[in-house]
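Reading the structure
Here's the letter readout for the chains.
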Amino acid sequence: MIADVVLIALLALALVVGVSWPLIAGGHEVVEVAVDPARVALDDEITASLQAIKELQFDHQAGSLSDDDFQRMERAERANAARLIRRRSELDGDS
Amino acid sequence: MTSKPRFVIALALAALVGGALVWMVFGGSLETYASPAGLQEGKTYRLNAIVATGSPTDAAADALTPAGVKFTVQDKDDASKQVPVVYHGIVPEQFKDGREIVVTGRYENGTFVADRDKLVTKCPSKFQGKSSASAT
Amino acid sequence: MSLFGRGVLLLALATAVFTVVAALIGRAPAKRAWYQASRRGMYALFGLFAVAVGTLQVALLRGDFSLENVAGYSSREIQWYFKITALWASQAGSLMFWALILTGFSAIAVYTNRARNRDLMPIVIAILGALAGFFALVLSFATSPFATVDVVPENGSGLVSALRNPYMITHPPMLYLGYVMVAIPFAFAMAALVTRRLDTGWLTSMRKWNLASWTFLGIGIVLGAKWAYESLTFGGYWIWDPVENAALLPWLTGTAYIHSVMVQERRGMLKVWNMVLILVTFALTIFGTFMTRSGITSSVHAFGARTVGPYLLGLLVVTLIGGMYLIITRLSYLKSSHSLESYFSREAIFLYNNLLLVGLAFIVTWGTLYPAMTELFTGEKITVGTPFFDQVAAPIGIVLLILTGVGPLIPWRKASPKQLRQRFLWPTIAGLVSLPLFLLTDARGSWPVLVTLVFAVFTTVCIGMEFWRGMAVRHAHGGVTWLSALGQIISRNRRRYGGYIVHMGIVVVICGIAVSKSFVTEGQFQLRQGESATVSGYTFTAISLTRRRTAQAMRVEAAVDVKNASGDHVGTLRPAMNAFTSNPDMGVEVAIIGGPTRDIWMYMPSLRDGVAPFKVFVNPMVSWIWAGGAIFLIGAVVAGWPEGRRRRVPDPVVEAERAAA
């Protein structure tokens, strides 16, 4: 009985300290991740875009896309990818 | 370019036809639960009742003979409401006097004629059937 | 023990409240510390539920029968691994296990997104924290896993025999994993709505989660069917029981979601539809839990206490109203970037597949709830028979089977008649050729089966040709053998070819269901020792019928020799029946001789005066369902396998354009 209560109290204490540490430590807290989230999101988008281009090419070669459609869609996707990559270079240039 | 209204109309029509078909099938597959008190001549039921005392000790063997096993069931709340049952097929091991059962069949000429293999005993323990845990 | 467990659950409740509050404060970019605290809160929640589950687990293993959930679901005699699995045999224990999985997945999602989605994550954490809090609340005040009994029994009442089964170890956890995992994509979808960040970013982050939850659900359903087949006495694997339906429903809408998400990724369409689908899928997991634990539907799965029903109903209502409110207020952000251009395009096929799956889910829900509704409004007790579900599912299943083959062969946007002729020539020929061949077999007895089989051939050839074309493209580049071409196309397009393998698994499952449902031969007979009976060409001879006392039960067992029509020995069936001494329950041991073309299934209910009645089923092609399930799993693993750290090879054209710009 007593042991249970003591254990719970200890657990609660550890919990309060552990969870609210970022608040207690305040400004001293080192920022865990130095990566800019916008940059990470951009990376994701670029990967997705390049993947989409590859899939388009594959579909076209396997005959799932007509020539017209392929050219139009691929051009659009490439423009998109190029735009994203430019934006990434701008971001990198800034930092 | 396909026009949106035409597409929507086509979908609505398909849904309507599908719904009508489903409804037709649905009507034919309903089964009504009943107790011995509320049976009507010539209708199909799932009869939920208790096996009255005096059921054959050799029910499992009788049920496999052409004549079938004959026993009486009584209402869960009112022991005076009784109905004779004729049944063919597999009899669960738990079948005995006083056990709650569910049996599917038709009420004909004052007797409940059960469908083959449609006798289930309800287990008195907390669990019946497969599990409490499966699925959720 | 009880006090400690209850205390941990209350701490979890407090932590959940803190986590939600901290996450909401942490939304502001300047309040980074609060956001970090909320993430720690999520990890702590997982830790607390792990401690709580561990506490109950220790109690189960040590046999602490002062706890209701130990006394009622365990006993001294049962094997140690069933003591562990007894955790999810009880209602409170299974809900706590559920909470453990939920917080575990939440912690993983929070960790993997620690450097991403800074704007979404606080809302995600708030939603998942609130869900964890819900479970902590229910487990603290509605049904406690640490409830004690007044009189401590000498021994527990043991685990019901049907639960003492290897599937007890695998089937419930699989389903829980699938069920609970749906919460993660749901939380991300809602967070995207709240923050109005409705680009495809969150969809991409959720791909693996969608696939994983859907796979676990599918495998859980197949294992459940196998469990029913091998340990229940009706000789089948699926009876449209409310609990089975509860597992099937989110899988159906999840299947729709997995497909329609591709349309959004590729063509920017169906955005509202996808939001509705993920909301409905999540709501169905809660609805399924509610349905099976509130007692509103009668089921072969009986549940004990019904105290959690109102809580779950409340959660369901809040989820649906909140979700619909978010979707409606964000409609202007969910505009399609394209419109449907042709009825014969990949996106149109996906749309048909979605409508059919959702339609089927709707009908199954209707059939499942109808008895409860009529009883509520008219007082009349009725049930919806399995023929209803069978007759509705069969045609929808056949059309879905056809779409499975057609979909991947039709290009996005628009198909030209020439393309269609080219691509469907061989599959159509194969289907037509197979028809007379099937007419030579027993399949001619049922036209739905014939239709199913012919289209199964059609779809198989469609899928095969997709592989073939991919290999041809790779092989044309030169330098590889055909086999390594196959390996390369699969490893470079895992999602696509994994998907095709999954499709193949589904085709095999559908064949198994169609044939086994249509051509069952049933036989019943009584045998004394040495006597024989014949069913469907098989001769059954009782070699021995014995009754003996074991440590835990009175056991009746038989050895029945089986010979086929030409007199060859097929195998020996050993069905048995245990009457346990510790509880009034009966332990049925069904005997099965499996095979690729047919199963022989036998059940022996009793043995009286040396006479045993037997029930026998000759079920054709049931094993195809299990084989199809295995193929499904392989495909899902291929599709979801991590891409591996690939070298960043710059695309020459993009690089050139970049240089030019």
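Anything mentioned here points back to the structure above.
Residues numbered from 1 in each chain as written. Chains lettered and ligands numbered in written order. Predicted model: local features only at pLDDT ≥ 70, side-chain atom pairs only at ≥ 80, totals over all residues. Heavy atoms only, no water.

Quick notes on the overall build of chain A
In terms of helices and strands, chain A carries four helices and zero strands. From first element to last, N terminus to C terminus, chain A shows the α and β order α-α-α-α. For chain A, buried positions account for 33% of its 95 residues. Restricting to contacts in chain A with at least 6 residues of sequence separation, those with at least 24 account for 55%. Summed over all atoms, the accessible surface of chain A reaches about 5600 Å², with 63% contributed by carbon and sulfur. (Helix = DSSP H or I, 4+ residues; strand = E, 2+ residues; numbered from the N terminus. Buried < 20%, exposed > 50% of the residue type's maximum accessible area, 1.4 Å probe, protein only. Contact = heavy atoms within 4.5 Å. Areas by Shrake-Rupley, 256 points an atom, 1.4 Å probe, with all protein chains shown as cover.)

Some words on the environment of Tyr311(C)
Residues and elements named next belong to chain C. Examined against the element boundaries, Tyr311 turns out to sit in helix α12 (residues 309–329). Each C-alpha atom, one on Tyr311 and one on Val138, is 7.3 Å from the other, the two residues being 173 residues apart in sequence. In this view, Tyr311 contacts Phe134, Leu137, Val138, Phe141 and Ala142; residues no more than four positions away in its chain are not counted.

A word on helix α7 (residues 166–181) of chain C
A rise of 1.5 Å per residue sets the reference length of α7(C), with its 16 residues, at 22 Å; its end C-alpha atoms lie 24 Å apart and thus fit the reference within 8%. Taken together, the buried positions of α7(C) are occupied by Tyr167(C), Met168(C), His171(C), Pro172(C), Pro173(C), Leu175(C), Tyr176(C), Gly178(C), Tyr179(C), Val180(C) and Met181(C). (Expected span 1.5 Å × (residues − 1).)

Some details on the sheet that holds strand β2 (residues 521–527) of chain C
Residues and elements named next belong to chain C. Here we have four strands laid out as an open sheet, ordered β2-β11-β10-β9, and antiparallel in their pairing. Of all the strands in the sheet, the pair left with one neighbour each is β2 and β9 (591–593). Along the sheet, successive strands turn relative to each other by an average axial angle of 20 degrees, direction set aside. Judged from the six bridges that link them, strand β10 (residues 598–603) and strand β11 (residues 612–620) form a sheet pairing that is antiparallel. The partner of Met602 across the bridge, within β11, is Val616. (Pairing = 2+ DSSP bridges. Axes fitted to C-alpha atoms, helices over the stretch in contact; angles between N-to-C directions.)

Focus: a nonpolar patch on the surface
Taken together, the side chains of Met1(A), Ile2(A), Val5(A), Val6(A), Leu10(A) and Leu3(C) make up a nonpolar region of the molecular surface, amounting to roughly 630 Å² of accessible area. Here the nonpolar patch takes four residues from helix α1 (residues 2–19) of chain A, the largest share from any one element. (Patch = residues over 30% accessible without salt bridge, like charges linked within 9 Å, V, L, I, M, F, W, Y side chains within 5 Å. Salt bridge = Lys/Arg side-chain N within 4 Å of Asp/Glu carboxyl O.)

Quick look at the side chain of Asn274(C)
Tracing the backbone shows Asn274(C) in helix α11 (residues 271–293). Not counting chain neighbours up to four residues away, the residues in contact with Asn274(C) comprise Tyr257(C), Ser260(C), Val261(C), Gln264(C) and Met269(C).

Section: the nonpolar core
Residue and element names in this part refer to chain C. Core analysis: the biggest nonpolar cluster contains 157 residues, and Phe49, Met96, Phe188 and Trp202 have the highest contact counts within it. Contacts of Phe188, omitting those with residues within four sequence positions, involve Ala109, Asn113, Asn117, Leu120, Met121, Val124, Trp202 and Met206. Counting 25 residues, the second-largest nonpolar core is a separate cluster that includes Phe525, Val535, Ile600 and Ala612. (Core = buried A, V, L, I, M, F, W, Y, C linked by side-chain atoms within 4.5 Å.)

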